[in-house]
Amino acid sequence: MTIRLDANDISGYSVGGTVQVVIDTLLAKIKSEEYPVDTRLPSERSLAADLGVSRNTVREALDVLESHKVIRRRPGSGSFVTWRAEPEPQNEPDSVAERTSPLDHLVVRSIIEPEMVRLATINMSPLDLDELDGIVSRIEQVRTDVNAFVSCEEAFYRKIAQGTRNPLLETCYELTITVCRQSFRTALMRRHLTPDRIEGYQKRYNTLFNAIASRDVEAAVEFIKLHLIEEQKLLLHETG
């Protein structure tokens, strides 16, 4: 069953300001699929330390999320995400995705991604890097499931965008993910993403993660530029 996640409804719940901040933070991570459906949230102790609040505050926030069927507690196991994103709406005739060509998309990525990677390499916290490492591990577990790979790939780039600590840049990049999902590239990937190509992407993202984690700005930026060149070659090959 799909659960509608409406932050406005939850924000109307009678809780203190600090509890609401925790609720909003967790909702944002769940909606962005940083915490996908069926995954276990960090422990109350870890969340409290990360957010700089008490465990009682975290516990109250989790109570609210559970009451709205966003998470489910399992005694002895922890809290698990039960909310699943609703299907993307069909493209409107004049939507951005409808008007964006593959070349348009690559041009925007070539403008945004190098700066995004540069800022993320500088600004990502140790917790951000741990979470990015977890996404890389999920990517490496994919063998043939193209849908799973595309979902992990989106989470990987979304986490890097979040790591820039620039909300406007993060929002701009979210639009590129949406356009990609609604238009050409995802369809192209689903047709042509073989196990060998999956393995190739896995190696690339592992290399990029290592550069970011070691704070090697030059290597990370140079790598993403080369990666985009390879993306262009793939596009030209598949559409030529």
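All of these numbers come straight from a predicted model, not from anything done at the bench.

Take the overall build of the protein next. Within the protein, the secondary structure is distributed over 12 helices and two strands. When the helices and strands of the protein are listed from N to C terminus, the series reads α-α-α-α-β-β-α-α-α-α-α-α-α-α. With 240 residues in all, the protein has 42% of them scored as buried. The contacts of the protein with a sequence gap of at least 6 include a subset with a gap of at least 24, amounting to 72%.

Close contact between helix 6 (residues 102-123) and helix 8 (residues 146-163) brings their axes to 7 Å; oriented N to C, the two are set at 65°. Of the two possible hands of crossing, helix 6 and helix 8 adopt the one that is left-handed. When helix 6 is examined against helix 8, the residues Arg-109, Glu-113, Met-116, Val-117, Leu-119, Ala-120 and Asn-123 are found in contact with a partner set consisting of Tyr-157, Ile-160, Ala-161 and Gly-163. Residue classes in the contact of helix 6 with helix 8 are distributed as seven nonpolar, two polar and two charged.

Residues Leu-103, Val-107 and Ile-111 make up a contiguous nonpolar surface patch of about 290 Å² in total accessible area. As for its position among the elements, Val-107 is in helix 6.

A separate point is the pattern of salt bridges. Tallied over the full model, the rule gives 16 salt bridges. Across the salt bridge formed by Arg-73 and Asp-63, the nearest N and O atoms sit 2.8 Å from each other. Placement of Arg-73 in strand 1 (residues 71-74) and of Asp-63 in helix 4 (residues 55-67) is noted, with a sequence separation of 10 residues between them. By relative accessible area, Arg-73 is classed as partly exposed at 23%.

A word on the layout of surface pockets. The space that makes up the second largest pocket amounts to roughly 350 Å³. In terms of lining residues, the second largest pocket is bounded by 15 residues, among which Glu-34, Tyr-35, Arg-40, Pro-42 and Glu-131 are the most central. Looking at the lining of the second largest pocket, the elements with two or more residues in it are helix 3 (44-51) and helix 7 (126-141). Among the elements that line the lining of the second largest pocket, the one with the most residues is helix 7, at six residues. When its residues are assigned to classes, the lining of the second largest pocket shows six nonpolar, three polar and six charged.

Relative to the elements of secondary structure, Leu-175 occurs in helix 9 (residues 167-182). Residue Leu-175 is classed as partly exposed on the basis of its relative accessible area of 45%. Between the C-alpha atom of Leu-175 and that of Ala-97, which follows or precedes it by 78 residues, the distance is 9.4 Å.

Take the nonpolar core next. Nonpolar side chains in soluble globular proteins generally cluster together in the buried interior. Within the largest apolar cluster, 36 residues are counted, with the highest numbers of intra-cluster contacts made by Met-116, Phe-149, Phe-156, Ile-160, Leu-208 and Ile-212. Of the residues forming this core, the biggest block, nine residues, is contributed by helix 8. Look past the residues within four positions of Ile-160 in its chain and what remains in contact with it is Met-116, Val-117, Ala-120, Leu-132, Leu-208 and Ile-212. Leu-47, Val-53, Ile-71 and Trp-83 belong to the second-largest nonpolar core, a separate cluster that totals 20 residues.

Sheet analysis places strand 1 next to strand 2 (residues 78-81), joined by four bridges and oriented antiparallel. Following the sheet pairing, Arg-72 is matched in strand 2 by Phe-80. Counting the residues that bridge the hairpin from strand 1 to strand 2 gives three residues, and of these Gly-76 lies at a positive phi of roughly 85°.

What follows deals with unusual backbone geometry. Leave glycine aside and you will find that most residues have negative phi; peptide bonds, for their part, are mostly trans. Even without being glycine, Asp-38 reaches a positive phi, approximately 75°. Looking at the element boundaries, Asp-38 is found in the loop between helix 2 (17-31) and helix 3. The phi dihedral of Arg-165 is positive, around 60°, even though this residue is not glycine. Examined against the element boundaries, Arg-165 turns out to sit in the loop between helix 8 and helix 9. Residue classification places Arg-165 among the partly exposed residues on the basis of a relative accessible area of 49%.

Basis of the calculations
Residues numbered from 1 in each chain as written. Predicted model: local features only at pLDDT ≥ 70, side-chain atom pairs only at ≥ 80, totals over all residues. Heavy atoms only, no water. Helix = DSSP H or I, 4+ residues; strand = E, 2+ residues; numbered from the N terminus. Buried < 20%, exposed > 50% of the residue type's maximum accessible area, 1.4 Å probe, protein only. Contact = heavy atoms within 4.5 Å. Axes fitted to C-alpha atoms, helices over the stretch in contact; angles between N-to-C directions. Left-handed = near helix turned anticlockwise from the far one by under 90°. Nonpolar A, V, L, I, M, F, W, Y, C, P; charged D, E, K, R; others polar. Patch = residues over 30% accessible without salt bridge, like charges linked within 9 Å, V, L, I, M, F, W, Y side chains within 5 Å. Areas by Shrake-Rupley, 256 points an atom, 1.4 Å probe, with all protein chains shown as cover. Salt bridge = Lys/Arg side-chain N within 4 Å of Asp/Glu carboxyl O. 1 Å grid on protein atoms, 1.4 Å probe; cavity = no way out; pocket = protein on both sides within 12 Å on 5 of 7 lines; lining within 4 Å. Points joined across faces, edges and corners; volume = space filled by probe spheres on them. Core = buried A, V, L, I, M, F, W, Y, C linked by side-chain atoms within 4.5 Å. Pairing = 2+ DSSP bridges.

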